[in-house]
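Descriptive analysis of the structure
The lines below spell out each chain.
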2 protein chains.
Amino acid sequence: MIERILCLFSVLVIAMSAIVAQAAVDPLPSWNDNAPKKAILTFVEKVTEQDSPTFVPPPERIAVFDNDGTLWAEHPMYFQLFFALDRVKTLSPKHPEWKTQEPFASLLKGDVKQALAGGEKAILEIVMATHAGMTTTAFEKIVGDWIATAKHPKTGKLYTDMVYQPMLEILTHLRSNDFKTFIVSGGGIEFMRPWTEKVYGIPPEQVIGSSIKTKFEMRDGKPVLVRLPEINFIDDKAGKPVGINSHIGRRPVAAFGNSDGDLQMLQWTTAGPGMRFGLIVHHTDSEREWAYDRKSHIGRLDKALDEAGAKGWTVVDMKKDWKLVFP
Amino acid sequence: MIERILCLFSVLVIAMSAIVAQAAVDPLPSWNDNAPKKAILTFVEKVTEQDSPTFVPPPERIAVFDNDGTLWAEHPMYFQLFFALDRVKTLSPKHPEWKTQEPFASLLKGDVKQALAGGEKAILEIVMATHAGMTTTAFEKIVGDWIATAKHPKTGKLYTDMVYQPMLEILTHLRSNDFKTFIVSGGGIEFMRPWTEKVYGIPPEQVIGSSIKTKFEMRDGKPVLVRLPEINFIDDKAGKPVGINSHIGRRPVAAFGNSDGDLQMLQWTTAGPGMRFGLIVHHTDSEREWAYDRKSHIGRLDKALDEAGAKGWTVVDMKKDWKLVFP
C-alpha cells in the first residue's frame, strides 16, 4: 500500500512541479510592468481561454511582425542598404564603369549621402546591381556570409545582435500559445530568409517581403532559379495587406509595427471581427538606441501614431517600457 | 515491493500498448502492396531515422502536392471551370450584353465546347468576368457556397467528394511524421483556400496557386482588398518552382504531381541534395475514374512520364495500385 501511495505521489509531484514552473516564469522579463506588457499578456490570455467568447482557435492565431524598426534596428539606415553598399564595393573590380557612373561613383568614394541623393531611382539601381543576376542559391550564400560577419558602423555589433530582446520574448510567448508568427517587411524576402529561423525562430515559409522576379532555367541539366533585375512586389504600406493575403490567405489577429509603412497592416489586422491586437514600437530612446518619429526619413511614424489612439492600438515607449533593448 | 513492481508494470503496459498500436496500423490502407506504396513508406522511414545519413530535420520536411488530377479529379474539365460557368449563369441577368458576346453567348446556350474554342483568351475572359471585381471576403463566400452545394455532372458527387482517398492517406502519413504539406497548383489560390483546410488538412498559408492582382482600399472607413481583373501570377509549369520559392523559400524534399504541368516542380524538388522523392499519379482507370495521359487536353502527361523513368520517380498506376479511388 505504501508503495502504491508513493507511486501516485511521484506522479503528482512531477505534474505539480510542471504547473508551478509554468506559473513562476514571466514570459516577458525584459518588459517593465507598464500598460503595454499588461495589454500583450491579457490579449494572449483572452484568445486562449477555451470557453470564452474571445477564444480564437489555434489555426487562426496568426501574428504578423514588421522587421526593420520592429524586430531589429533600422538606423542610421536600413541594414539591407549596408549590405547593398558592401556588395557594391565587393563587385566594383568587375565594374570599372562604376568609377564615373552614379550612384556607384559616389558610393565608392564613401559619400553615401550623395549616392542616395538620386532618391528611389538610385536605390533601385543599387539594389538591382547587387541583388540580381545570380541564382537564388548563390544569393542565399552571399547573404548568409555577410550577415555572419558584417558589423554595424555605430555599435560594432553583428546586425543580428541588434534585434530587440523584448520583441523576441513576444515572439516566443505567442508561439508557446500556438500562434504562428510571420514577418511582413518592406525589406527583401530573400535577404531575410537565410537568417530569420536562427535569429527569430521564424522559418522561411513564414517570411513575407519585397521581391524581384525569378526565372526557372536548366543549366547543364540542373534546374536553377535566376534572380532578374525586375521588381516583382513591394511589401510596404498598402502592399502589406496584399502580401499578407497572398502568402497567408487569412487575416491575422495581431500585428506589430513601428512606422507609417505598417499602418495598413495594422488597419487590416485590427478591422477583423473578434479580439484583435495592434502594437506600435515608438523609438524614444536616444541613449540605448535612437529616438525618432514624425520627421524621420527612415521609419517615419506619424499617421500611424495618430491613428493608434483612435483605434486603441498599444504604443510602446521604448525608453520607459523596455528594461533592455538588445540581448 | 509487489506494489512497486505493479506500478512499474502498469507504466510498461501503457508504453508498450502505444507502440503495438502504432505498429499495427497501416498508414496507407487504400494502397495495394505494390512498389509505389513501398517507395513512399521507405522514403518516410529513411528521412525520419534520427542517426541515419538520410535523416532530414523536421523544419526541412516540406512536401508539395499539385491539386487537379493529383489530390482531386480534373475531368471532363478542371472543376474551377465548372465554377466559372456556374458564375456566368448566375451573373448573366446583370449582363444582357453576354447574350451576343462570346465566349459568354455560347456558354449561356450550354455549348461549352464552342465557348472554349477561343482558347486561352476565352478562358481568361470568363475567369476575369467571374473571379474579379469583388472583395476577397465576398469571393471567399461565393466559393464556399458553391463548393458546399455544386455537383459534378458525371458522378453527381460534391466536388470535394472527388478527392483521392489514397492521396489523403499520404498527406496524413507525411504530417504525422512532421512534414509540412503544401498545395502547389495551377488553379486559383483563392478558389482553393476556402476549403483545403477542411478537405485536405492544409491551411490557407500552405496553399500556392495562380492569382489575380488585389488592391487595398478603404470603403466607408473599413479596409478591404479588391480583386482586380489582371493576372498576377500563373503557378504552372516553370511557374511552380518560382511559386514554391516565393511562398516557401526552401526546396521541398518531396513532390507529387500528375501532368507535364508538374514537371519543373518535380525537377526542382528532386535535384536537391540528400534524400528526395518524386511521384506521378498516372490516370489509368477508366472504370473508377478516367484514363488519360499523352494526348489529353486536360492534365496531359507526356514529357514527365518519360522523365520519371530516367529520374527514378515513382509512377502510380491508379488501376493497379489503388484499392479505392474516392473516399
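Residues numbered from 1 in each chain as written. Chains lettered and ligands numbered in written order. Predicted model: local features only at pLDDT ≥ 70, side-chain atom pairs only at ≥ 80, totals over all residues. Heavy atoms only, no water.

Considering the overall build of chain A
Condition: Secondary structure elements are taken from DSSP: a helix is a run of H or I of four residues or more, a strand is a run of E of two residues or more, and numbering for both begins at the N terminus. A 1.4 Å probe rolled over the protein chains alone gives each residue an accessible area, and that area as a share of the maximum for its type sets the label: buried under 20%, exposed over 50%, partly exposed in between. Any two residues having at least one pair of non-hydrogen atoms within 4.5 Å are treated as being in contact. Where accessible areas are quoted, they stem from the Shrake-Rupley method and a 1.4 Å probe; at the residue level, only the protein chains shown are allowed to cover. Charge counting follows a simple rule: Lys and Arg are positive, Asp and Glu are negative, and His as well as the terminal groups are ignored. A charge is said to be at NZ when it belongs to Lys, at CZ for Arg, at CG for Asp and at CD for Glu.
Looking only at helices and strands, chain A features 13 helices and 7 strands. Across its three principal directions, the C-alpha atoms of chain A cover 90 × 50 × 40 Å. The 327 residues of chain A split such that 52% are buried. The long-range fraction of contacts in chain A, counting pairs at least 24 apart against all pairs at least 6 apart in sequence, stands at 65%. Accessible surface for chain A amounts to roughly 15,100 Å². Of this, 58% is attributable to carbon and sulfur atoms. Considering chain A, the positive charge centre built from 39 side chains and the negative charge centre built from 40 side chains are found 2 Å apart.

Re the environment of B:Pro29
Residues and elements named next belong to chain B. Within the fold, Pro29 resides in the loop between α1 (2-24) and α2 (35-48). Since its relative accessible area comes to 42%, Pro29 is described here as partly exposed. Sequence separation of Pro29 and Ile248 is 219 residues, and the distance between their C-alpha atoms is 30 Å. When residues no more than four places from it in sequence are discounted, the contact partners of Pro29 are Glu169 and Lys323.

Describing the sheet that holds strand β5 (residues 254-257) of chain B
In a beta sheet, neighbouring strands are held together by backbone hydrogen bonds and run either parallel or antiparallel to one another. Residues and elements named next belong to chain B. Our working definition: Only strands joined by at least two bridges in the DSSP assignment are considered to pair. A fitted line through C-alpha atoms serves as each axis, taken over the contacting stretch for helices, and the angle formed by two N-to-C directions is quoted from 0 to 180°.
The mixed open sheet is built from 7 strands, whose spatial order is β4-β3-β2-β1-β5-β6-β7. Where the open sheet ends on each side, the last strands, each with one partner, are β4 (222-233) and β7 (314-317). Strand-to-strand twist in this sheet, taken as the mean axis angle between neighbours without regard to direction, amounts to 30°. With 4 bridges joining them, β5 and strand β6 (residues 277-282) adopt parallel strand pairing. Across the sheet, Gly257 pairs through a bridge with Ile280, a residue of β6. Against the sheet, helix α6 (residues 119-131) engages β3 (207-219) and β4, with an angle of about 180° to β4.

Considerations on helix α9 (residues 189-200) of chain A
Considered for burial, the residues of α9(A) that qualify are A:Ile189, A:Glu190, A:Phe191, A:Met192, A:Arg193, A:Trp195, A:Thr196 and A:Tyr200. Note on α9(A): the residue one or two positions beyond its end, A:Gly201, has a positive phi of about 70°.

Quick look at the sheet that holds strand β7 (residues 314-317) of chain A
Residues and elements named next belong to chain A. Across the sheet, 7 strands lie side by side as β4-β3-β2-β1-β5-β6-β7; this open sheet has mixed pairing. Looking at the sheet topology across the chains shown, the edges are occupied by β4 (222-233) and β7. Averaged over neighbouring strand pairs, the angle between their axes works out to 30° when direction is ignored. Looking at chain direction, strand β1 (residues 62-65) and strand β5 (residues 254-257) are connected through 3 bridges and run parallel. Residue Val64 lies in a different strand from β5, and its bridge partner there is Ala255.

Some thoughts on a nonpolar patch on the surface
Residues and elements named next belong to chain A. Test applied: A patch consists of residues exposed above 30% relative accessible area that lack any salt bridge, with like charges linked at up to 9 Å and nonpolar side chains (Val, Leu, Ile, Met, Phe, Trp, Tyr) linked at up to 5 Å. Here, a salt bridge means any Lys or Arg side-chain nitrogen found within 4 Å of an Asp or Glu carboxyl oxygen.
On the surface, Leu124, Ile231 and Ile234 cluster together to form a nonpolar patch covering roughly 240 Å² of accessible area. Mapped onto the elements of the fold, Ile231 is located in strand β4. A relative accessible area of 35% means that Ile231 is categorised as partly exposed.

Here's the deal with the packing of helix α3 (residues 79-91) of chain A against helix α6 (residues 119-131) of chain A
Residue and element names in this part refer to chain A. Note the following rule: Oblique is the label for any angle not under 35 degrees, not over 145, and not in the 65 to 115 range, which are roughly parallel, roughly antiparallel and roughly perpendicular in turn. Handedness of a crossing is defined here by the sense of rotation of the near helix relative to the far one, left-handed for an anticlockwise turn of less than a right angle and right-handed for a clockwise turn. In this count, Pro and Cys sit with the nonpolar residues alongside Ala, Val, Leu, Ile, Met, Phe, Trp and Tyr, while Asp, Glu, Lys and Arg are called charged and the others, Gly among them, polar.
Contact pair α3 / α6: the axes reach a minimum separation of 9 Å and the direction vectors enclose 60°. When the axis of α3 is compared with that of α6, the two are oblique. In this structure, the crossing between α3 and α6 has a hand that is left-handed. Across the interface between the two elements, Gln80, Leu81, Phe83, Ala84, Arg87, Val88 and Leu91 of α3 pack against Ile123, Ile126, Ala129, Thr130 and His131 of α6. For the contact of α3 with α6, the residue count by class is 8 nonpolar, 3 polar and 1 charged.

Let's talk about the relation of the copies chain B and chain A
Relating the two copies of this chain is a rotation about some axis coupled with a shift parallel to it. Short version of the rule: The superposition of copies rests on a least-squares fit of C-alpha positions from residues with pLDDT of 70 or more in both.
Once chain B has been moved 0.0 Å along the axis and rotated by 180°, it coincides with chain A to within an RMSD of 0.0 Å. Taken together, the turn and the small shift mark the pair as related by a two-fold rotation axis. Mapped onto chain A, 100% of the interface residues of chain B are again interface residues, and the two copies thus contact each other with one and the same surface.

Some words on the side chain of B:Asp235
Residues and elements named next belong to chain B. Stated formally: What qualifies as a polar contact is a pair of N or O atoms within 3.5 Å, subject to a donor-acceptor requirement within protein and to the restriction that residues adjacent in sequence count only when both atoms come from side chains.
Assignment of secondary structure puts Asp235 in the loop between β4 and α10 (239-247). There is no salt bridge for the buried Asp235, and the closest opposite charge comes from Lys240, which lies 5.4 Å off by N-O distance. A polar side-chain atom of Asp235 sits 3.3 Å from the main-chain amide nitrogen of Ser185.

Some thoughts on the interface of chain B and chain A
Accessible area lost on assembly of the parts is the figure often given for the size of an interface. Counting residues at the interface gives 37 residues for chain B, matched by 37 residues for chain A. One can count 6 salt bridges joining chain B with chain A. A salt bridge links B:Glu205 to A:Lys180; its shortest N-O distance comes to 2.8 Å. Along the contact surface separating chain B from chain A lie 17 residue pairs in polar contact (both at pLDDT 80 or more). Secondary-structure elements contributing two or more residues to the side of chain B that touches chain A are α1, β2 (180-188), α9 (189-200), β3, β4, α10 and α11 (263-270) of chain B. Class assignment for the residues of the side of chain B that touches chain A results in 19 nonpolar, 9 polar and 9 charged.

Describing the pattern of salt bridges
According to the stated counting rule, one finds 35 salt bridges over all chains in the structure shown. Between B:Lys240 and B:Asp66 there is a salt bridge, with its nearest N and O atoms 2.9 Å apart. In this pair, B:Lys240 is assigned in helix α10 and B:Asp66 in the loop between β1 (62-65) and α3 (79-91), connecting sequence segments 174 residues apart. Each of A:Lys180, A:Arg250, B:Glu197 and B:Glu205 takes part in a single network of salt bridges with overlapping partners.

Some points on the nonpolar core
The condition is simple: Buried Ala, Val, Leu, Ile, Met, Phe, Trp, Tyr and Cys residues form a nonpolar core when they are joined through side-chain atoms within 4.5 Å.
Counting 65 residues, the largest nonpolar core has A:Phe65, A:Trp72, A:Met167, A:Ile170, A:Tyr200, A:Phe256 and A:Trp322 as its most contacted members. Here this core gets 8 residues from one element, more than from any other, and that element is α3(A). Leaving out residues up to four positions away in the same chain, A:Phe65 has contacts with A:Leu71, A:Met167, A:Ile170, A:Leu171, A:Leu174, A:Thr181, A:Phe182, A:Ile183, A:Val184 and A:Phe256. Core analysis: the second largest hydrophobic core is formed by 64 residues, B:Val47, B:Met162, B:Met192 and B:Trp322 among them.

Observations regarding the pairing of strand β2 (residues 180-188) of chain A
All names here are of chain A. Counting buried positions along β2 gives 7 out of 9 residues, so the element sits mostly inside the fold. By the bridge criterion, 4 bridges tie β1 to β2 in an arrangement that is parallel. If you follow Val64 over to β2, its bridge partner there is Phe182. Where β2 lies against strand β3 (residues 207-219), 3 bridges are found, and the strand directions are parallel. Bridge pairing in β3 places Val184 opposite Ile208.

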